[in-house]
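Coordinates in review
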Amino acid sequence: MVRTLPGGAMDCEDLRSQLLVHRDRPAIIFANVGTTMKGAVDDISAIKSTLGEVGIAQHYIHCDAALHGFILPFLDSPPPWTFADGADSIAISGHKFLGCPVPCGLLLAKLDAVEHLRKSVDYIGSMDSTILGSRSGHAPLFMWYALSKASHSDFCFMVESCLAHADYAVERLEAEGLQAWRHPYSPIVVFKPQPPVELLSRWQLAPHGEMAHIITMLHVTCEQINRIADDLGHWIKTGEIKPMTSDFQDGVPASIPRLRRDERWESTPMHEFAIIAGNSKDDVVNDVIDLLQRNGLCVVQYKATSLDSGFVMYHFRLGILHAAEYGHAVSLLTKHGYHVYTENCILVTVPNAAGALATIAAVLRDEQVTVHSIQVTPGATYQGSVYGNIPTESAVCAVMTSPDDKEKAIQTLASSGMGIVNIGASQLQKLRSETPEIK
């Protein structure tokens, strides 16, 4: 057992001391990527360096990223926790952040580690590299559905929303006289002193020692945080338990306001998005405008651009004031069958051949451009489009980079001979000035 630092992360100095005692043996390290109580992330690169400094060449680092494995990938500057930082395997739960209805998880491991488990099973005529063997197929379907219904931008928005609510919880608890804090990459809010059993049970708060915590997952609202803070504040100030109030007033549920994304994550909300579809221009434009208007959102400009593949890119600009409205618009369109490409996405045409995605990744990596994801998009993404004329010689890929690297990525891909479908920043400015606004 290795000691931890006050914040909950592994103490690498204590790890070094223990490794020196057993330096004649291989080391297996179980690291936490988000501890249960405090949400602390062990520094995987520091652990890797410590093993090298002590001289233990044979080692294995496993990372338990049950909750934070679906949070850290969507942050701009996460702590070191990936394979590139020294991990040999990573476990992530599907029933935590993703919200799958049954306990399930994902284990990622390097190929050489998987080969140690692989064995031939005669009666099924194939190799088996699992630990349990036969198991339910429902869990993978739940995880697939949860992952497929949300885009990269959706996950970024969900993570930022959780962290914004965590910040709000810290502020409210501190205002009520409690000591509260959280790690900048975690939705786990730790506070003390630990409240009485009655309040722990009322709000399902997890206690440990002198403290307890709140986890601001997607279902947690500002109203719930306010009520928890009010109950805890009443106990702090009077030493008594405040009587529990009802969630309903006159038979009607009370309104539950949600916290919008904090401006420090996105001071200027995104406005533009694109949809690739067939050539039924009026159907697409009218359907998008009607859908958004029925939900209180307004399209102020749009433009249709023909692609070499025979399809059309419809570019829309929203008249919005808050980042949350942009996320709402993307979510609505996705639920109605559209594949929406957000403002920070680069669309690239590539040959429909093996190795095309690897070529994009290699070109950007050579120029030190941070790439979050590369995906092949459907040729026609609007329900009802004609699919018969989808070309087989080329495909459209969606490339997600960090916002700071987007313009550099566009220039790099264009100079490599790849077709950029996106409207870049300078063209966007031209579009805004040339395209009349919709009245």
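Scroll up a little and you will see the structure.
1. A few points about the overall build of the protein
- Secondary structure assignment for the protein yields 12 helices and 20 strands.
- A total of 439 residues make up the protein; the buried ones form 45% of that total.
- Nonlocal contacts in the protein, meaning residues at least 24 apart in sequence, comprise 68% of its contacts between residues at least 6 apart.

2. Structural notes on a nonpolar patch on the surface
- On the surface, Leu107, Leu117, Ile131 and Leu132 cluster together into a nonpolar patch covering about 470 Å² of accessible area.
- With respect to the helices and strands, the residue Leu132 is situated in the loop between β6 (126-128) and α4 (138-148).

3. Some remarks on the packing of aromatic side chains
- Per the counting criterion, the structure on display carries 3 aromatic pairs.
- Aromatic pair Phe74 and Phe155: ring centres 5.1 Å apart, planes at 10°, arrangement stacked. Of the two residues, Phe74 sits in the loop between β2 (59-64) and β3 (89-93) while Phe155 sits in helix α5 (residues 152-175), which places them 81 residues apart along the sequence.
- Residue classification places Phe155 among the buried positions, given a relative accessible area of 6%.
- Ring centres of Tyr302 and Phe316 lie 6.3 Å apart, and the angle between their planes is 35°; on these two criteria the pair is classed as tilted.

4. Focus: unusual backbone geometry
- Each neighbour pair has its own omega, and for Lys192 with Pro193 the value is 10°, a cis peptide bond.
- Its location among the elements puts Pro193 in the loop between β8 (188-192) and α6 (197-203).
- Residues other than glycine seldom take positive phi values, yet Gln204 does so here, at roughly 50°.
- Within the fold, Gln204 resides in the loop between α6 and β9 (206-208).
- With relative accessibility at 68%, the residue Gln204 sits in the exposed group.
- The backbone of Gln368 shows a phi angle near 60°, a positive value even though the residue is not glycine.
- Mapped onto the fold, Gln368 is located in the loop between α10 (356-366) and β18 (371-377).
- On the basis of relative accessibility, which here comes to 70%, the residue Gln368 falls in the exposed class.

5. Quick word on the pattern of salt bridges
- Overall, the coordinates contain 10 salt bridges when judged by the stated rule.
- Notably, a salt bridge pairs Glu13 with Arg16, separated by 3.8 Å at the nearest N-O pair. A residue pair is termed a helical-turn pair when its members lie 3 or 4 positions apart in one helix, as Glu13 and Arg16 do in helix α1 (residues 12-21) at 3 residues.
- The salt bridge partner of Glu176 is Lys237, with a shortest N-O separation of 3.0 Å. Within this pair, whereas Glu176 is found in the loop between α5 and β7 (179-181), its partner Lys237 is found in helix α7 (residues 222-238), the two being separated by 61 residues in sequence.
- Residue Glu176 is classed as buried on the basis of its relative accessible area, which comes to 11%.
- It is possible to trace a salt-bridge network through shared partners that takes in Arg172, Glu176, Asp230 and Lys237.

6. What to know about the pairing of β3
- In terms of residue burial, β3 counts as a mostly covered element, since 4 of its 5 residues are buried.
- Across 3 bridges, β2 lies against β3 in parallel orientation. Paired with Cys63 across the two strands is Ile90, which belongs to β3.
- Across 5 bridges, the pairing between β3 and strand β4 (residues 105-109) is antiparallel. Along β4, the bridge assignment pairs Ser89 with Ala109.

Conventions we followed
- Once a new chain begins, its residue numbering starts again from 1 and follows that chain's sequence as written.
- Note on the predicted model: pLDDT of at least 70 is required for a residue's local features to be given, and 80 or more for side-chain atom pairs to be given and counted; whole-chain, interface and lining totals, by contrast, use all residues.
- Hydrogens and waters are ignored; side-chain quantities use all the structure's heavy atoms.
- Secondary structure is summarised from DSSP: a helix means a run of H or I of at least four residues, a strand means a run of E of at least two, and numbering begins at the N terminus for each.
- Buried residues are those whose accessible area, probed at 1.4 Å on protein chains only, stays under 20% of the maximum for their type, while exposed residues exceed 50% and partly exposed ones sit between those limits.
- Note on definitions: a residue-residue contact is assigned when non-hydrogen atoms from the two residues lie within 4.5 Å.
- Each patch groups residues whose relative accessible area exceeds 30% and which form no salt bridge, using 9 Å between like charges and 5 Å between nonpolar side chains of Val, Leu, Ile, Met, Phe, Trp and Tyr.
- Residue exposure ignores everything except the shown protein chains as possible cover, and the areas themselves are Shrake-Rupley values with a 1.4 Å probe.
- The salt bridge criterion pairs a side-chain nitrogen of Lys or Arg with a carboxyl oxygen of Asp or Glu, the two atoms within 4 Å.
- Two rings belonging to Phe, Tyr or Trp (six-membered ring only in the last case) form a pair when the distance between their centres is within 6.5 Å. Interplanar angles under 30 degrees mark stacking, angles over 60 mark edge-to-face geometry, and anything in between is tilted.
- For two strands to be treated as a pair, DSSP must find at least two bridges joining them.

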